[in-house]
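# A structural walkthrough
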Amino acid sequence: MHDIRAIRAEPQAFDAAMARRGFAPQSEAILALDAGRRAALSDLQAAQARRNELSRDIGKAKREKLDTAALEQEAVALRGQMEQLQAQADDADLQIKSVLEALPNILDAAVPDGRDESANVVLKTWGQVPAFDFTPRQHFELGEALGLMDFAGAAKLAGARFTVLRGALARLERALGQFMIDLHTLEHGYEEMAVPTLVNDAAVYGTGQLPKFSEDLFRTTDGRWLIPTAEVPLTNMAAAEITPEAKLPWRMTSLTDCFRSEAGSAGRDTRGMLRQHQFRKVEMVSITHPDHSDAEHERMTRCAETVLERLELPHRRLLLCTGDTGFGSARTHDLEVWLPGQQAWREISSCSNMRDFQARRMNARFRAAADNKTLAFAHTLNGSGLAVGRTLIAVMEAYQQADGSIRVPDALRPYLPGLDVIAAG
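Residues numbered from 1 in each chain as written. Predicted model: local features only at pLDDT ≥ 70, side-chain atom pairs only at ≥ 80, totals over all residues. Heavy atoms only, no water.

Assignment of secondary structure puts Q95 in helix α4 (residues 69–100). The exposure class of Q95 is partly exposed, given its relative accessible area of 35%. Separated by 91 residues in sequence, Q95 and L186 place their C-alpha atoms 47 Å apart. (Helix = DSSP H or I, 4+ residues; strand = E, 2+ residues; numbered from the N terminus. Buried < 20%, exposed > 50% of the residue type's maximum accessible area, 1.4 Å probe, protein only.)

Tracing the chain through its elements places Q209 in the loop between α8 (201–206) and β6 (218–219). Overall, the relative accessible area of 12% leaves Q209 in the buried class. At a separation of 2.4 Å, a polar atom in the side chain of Q209 contacts the side chain of T207. For Q209, the contacting residues outside a window of four places in its chain are V204, S214, L217, P228, E231 and V232. (Polar contact = N/O pair within 3.5 Å; in protein donor to acceptor, adjacent residues only side chain to side chain. Contact = heavy atoms within 4.5 Å.)

Cross-referencing UniProt, the feature "coiled-coil region" (unreviewed entry) maps to residues 37–102 in the present numbering. Regarding residues 37–102, the helix share stands at 89% and the strand share at 0%, and the terminal C-alpha atoms are separated by 19 Å. (UniProt positions renumbered as here; feature names shortened; annotations may be inferred.)

What follows is about the UniProt feature "binding site: ATP" (unreviewed entry) in the protein chain. Under the present numbering, the feature "binding site: ATP" (unreviewed entry) in UniProt falls on R260, S261, E262, E347, I348, S349 and S350. Within the secondary structure, E347 is located in strand β13 (residues 344–353). In this structure, E347 is in contact with D334, L335, E336 and R390, ignoring residues within four places of it in sequence. The topology assignment puts I348 in strand β13. The class of I348 is buried, set by a relative accessible area of 3%.

Should their charged atoms come close, side chains of opposite charge can pair. The tally for this structure, following the rule as stated, stands at 32 salt bridges. One network of salt bridges, with partners in common, ties together K124, E298, R302, E305, E309 and R317. (Salt bridge = Lys/Arg side-chain N within 4 Å of Asp/Glu carboxyl O.)

This part is about unusual backbone geometry. Going from L210 to P211, the amide bond is cis rather than trans, its omega being 0°. Mapped onto the fold, P211 is located in the loop between α8 and β6. P249 follows L248 through a cis peptide bond whose omega is -5°. In the Ramachandran plot, A240 falls in the positive-phi region, its phi being about 60° despite a non-glycine side chain. Among the secondary structure elements, A240 is positioned in the loop between α9 (231–235) and β8 (242–244). Positive phi, close to 55°, is recorded for N363, a residue that is not glycine. Mapped onto the fold, N363 is located in the loop between α11 (357–362) and β14 (365–367).

Two strands in a sheet stick together by hydrogen bonds in their backbones, pointing the same way (parallel) or opposite ways (antiparallel). Spatially, β8-β14-β15 is the arrangement adopted by the 3 strands of the open sheet, whose pairing is mixed. Only two strands of the sheet have a single partner each, and these edge strands are β8 and β15 (375–377). Each strand of the sheet is rotated relative to its neighbour by a mean of 35°, with strand direction disregarded. Where β14 lies against β15, 3 bridges are found, and the strand directions are antiparallel. Across the sheet, F366 pairs through a bridge with A376, a residue of β15. (Pairing = 2+ DSSP bridges. Axes fitted to C-alpha atoms, helices over the stretch in contact; angles between N-to-C directions.)

This part takes up the environment of E231. As for its position among the elements, E231 is in helix α9. Note on E231: relative accessible area 7%, which makes it buried. Taking the C-alpha atoms as reference, E231 lies 19 Å from A295; in sequence the two are 64 residues apart. When sequence neighbours within four positions are dropped, the list of residues in contact with E231 reads T207, Q209, N236, E283, V285, M354, Q358 and N382. Looking at E231, its side chain comes within polar contact range of the side chain of N382, at 3.4 Å.

For the rest of this paragraph, the subject is the sheet that holds strand β5 (residues 198–199). What the 3 strands build is an open sheet, ordered β5-β7-β6; its pairing is antiparallel. At either end of the open sheet lies a strand with only one pairing partner, and these are β5 and β6. Relative to strand β7 (residues 225–226), β5 runs antiparallel, the two being bridged by 2 bridges. By the bridge assignment, V199 is partnered in β7 with W225.

This is the structure:
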């Protein structure tokens, strides 16, 4: 959500920011609604002052036993006028809110211009792309050959874009999630949270999924939403709260099931488990002081990169361009991992600085330590640390052997006692 005061102060700058997102100028229409609202409120204030005068005059007239009919008639008319003015102000408020909630966040100046992912900028690369002395297979080929990845069984249960993992692969996926959570809590200072995977309208509105992206979500018959990521419940822990500055940065992490309809991905990644309706993910969320959010963004990205480094998976960091940056983000780093079976880089994490965009929607504020009085909107950040299913895919493909078996990475062996190699039974 945007600050109407900032739009009033610099309408041309706001239009320029929206133009980077591909939007036509917005400030004139917004400020016209705002002017109507402010005029209605000004007239309402004047009417309230006149009502107070009338109340005093009527009281005085009654004490002096004078005729009050004309004054009371004016008071009745004034009451109707005030109700009309309040309705006009409320309607303008709703219209302004409807416009602003559909507009994306203002992008950081460093975000490169570009229409789509082809304009994203590679900031750095870690590790060497491995060379195999055999033709590497894709994860679903490996999983099916091992008898440990069952797509037909999942389709029987739930339809397309679901997977059943068996035996050692199920253990490996579980180990990955535990490894990530332990790393973020024990070394990176995040607080582990066990959160609901069903949330209300206010929660998904606060993080920006509603109203614009409802088709990407699953909704229950009682009006709740299945979370697309733990970003939603974690960030909303700060909703409608005033957090003491001393508590910032407030870092949280959670391993949850996530649910996405994949409404816009028809025909993409239909084989395997790259793009699923249900998947597990470790999410990181930070609530920060505005002055520190850029540094926190770098820190969060490094936390995600550390997971990949410990697993010895080659990866690279990208700065997303204007056309590929998400609706609520001011700046996003994507991490892509190399998948030998696909011979391609694929996204495995996305870390975003939302600045005060979400905080304004959910009224997440902090109290300044300097005077213990001043209130300001916090900045919120979120990042995958990592998508567990995609990390499983990367491990399978990177650690595959010529006979179709899969070596267990050293970092995961404490979580998989007695299992060094996953082989056909």
